Amino acid sequence: MSAKVEAKTFRLDGLKWLLVVLLVGAAVAGNSYYAEIPLLYRVLAMVALCLVAAFVAVQTAKGNAFWTLLREAQNEVRRVVWPTRQEATQTTLIVVVFVLLMAVILWALDSGLGWAASKVIG
């Protein structure tokens, strides 16, 4: 790309981000201003404005890069070899036992140090 096109894209991205901020700000301000309207309608309006803001954000260079990152992360999740139910259960039990063991050790250490400090202090 030429420098002219990159600068133009950069300017348009700035305007798009400004529009995103204005849309989100309008959603927040509208939610406060129309407090007497039932919550369901305010939530629907906020969701609609935020969806429009997200659509505009994806049209920017950084928004498009973020969207690409999300798609690539989804592809990576598909490639993960997930543990079986038995492996997950065994690992969870090992972690729970270790946490309980450490809790008892730390409780005993705290109690012993507290007892020793009370004997020293008087």
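Residues numbered from 1 in each chain as written. Predicted model: local features only at pLDDT ≥ 70, side-chain atom pairs only at ≥ 80, totals over all residues. Heavy atoms only, no water.

Some remarks on the pattern of salt bridges
Applying the stated rule across the entire model yields one salt bridge. For Arg-79, the salt bridge is made with Glu-76, and the minimal N-O distance between the two is 3.2 Å. A residue pair is termed a helical-turn pair when its members lie 3 or 4 positions apart in one helix, as Arg-79 and Glu-76 do in helix H3 (residues 61–79) at three residues. Glu-76 sits in the partly exposed class, given a relative accessible area of 43%. (Salt bridge = Lys/Arg side-chain N within 4 Å of Asp/Glu carboxyl O. Helix = DSSP H or I, 4+ residues; strand = E, 2+ residues; numbered from the N terminus. Buried < 20%, exposed > 50% of the residue type's maximum accessible area, 1.4 Å probe, protein only.)

Quick word on the side chain of Arg-42
Mapping Arg-42 onto the fold places it in helix H2 (residues 39–58). Here Arg-42 sits buried without a salt bridge, and the closest side chain of opposite charge, Glu-36, lies 7.7 Å off (N-O distance). Discounting residues that sit within four places of it in the chain, Arg-42 has contacts with Asn-31, Tyr-34, Ala-35 and Ile-37. (Lys, Arg positive; Asp, Glu negative; His and termini not counted. Contact = heavy atoms within 4.5 Å.)

A look at the UniProt feature "transmembrane region" (unreviewed entry) in the protein chain
The UniProt record annotates "transmembrane region" (unreviewed entry) at residues 39–58 and 88–109. Summarising residues 39–58: 100% helix, 0% strand, and an end-to-end C-alpha distance of 28 Å. The span residues 88–109 is 100% helical and 0% strand by assignment, and the distance between its end C-alpha atoms comes to 31 Å. (UniProt positions renumbered as here; feature names shortened; annotations may be inferred.)

Brief notes about a nonpolar patch on the surface
On the surface, a cluster of nonpolar side chains totalling about 840 Å² of accessible area is made up of Val-95, Phe-98, Val-99, Leu-101, Met-102, Ile-105, Leu-106, Leu-109 and Leu-113. In this fold, Val-99 is placed in helix H4 (residues 85–121). Here Val-99 falls in the partly exposed class, since its relative accessible area comes to 48%. (Patch = residues over 30% accessible without salt bridge, like charges linked within 9 Å, V, L, I, M, F, W, Y side chains within 5 Å. Areas by Shrake-Rupley, 256 points an atom, 1.4 Å probe, with all protein chains shown as cover.)

A word on the packing of aromatic side chains
Both the distance between ring centres and the angle between the ring planes are used here to describe each pair of aromatic rings. The full count for this structure, using the stated rule, is one aromatic pair. Note on Tyr-33 and Tyr-34: the rings are 4.9 Å apart at their centroids and 85 degrees apart in plane angle, and the pair reads as edge-to-face. The partly exposed category is assigned to Tyr-34, whose relative accessible area is 41%. (Phe/Tyr/Trp six-rings, centres within 6.5 Å; stacked < 30°, edge-to-face > 60°.)

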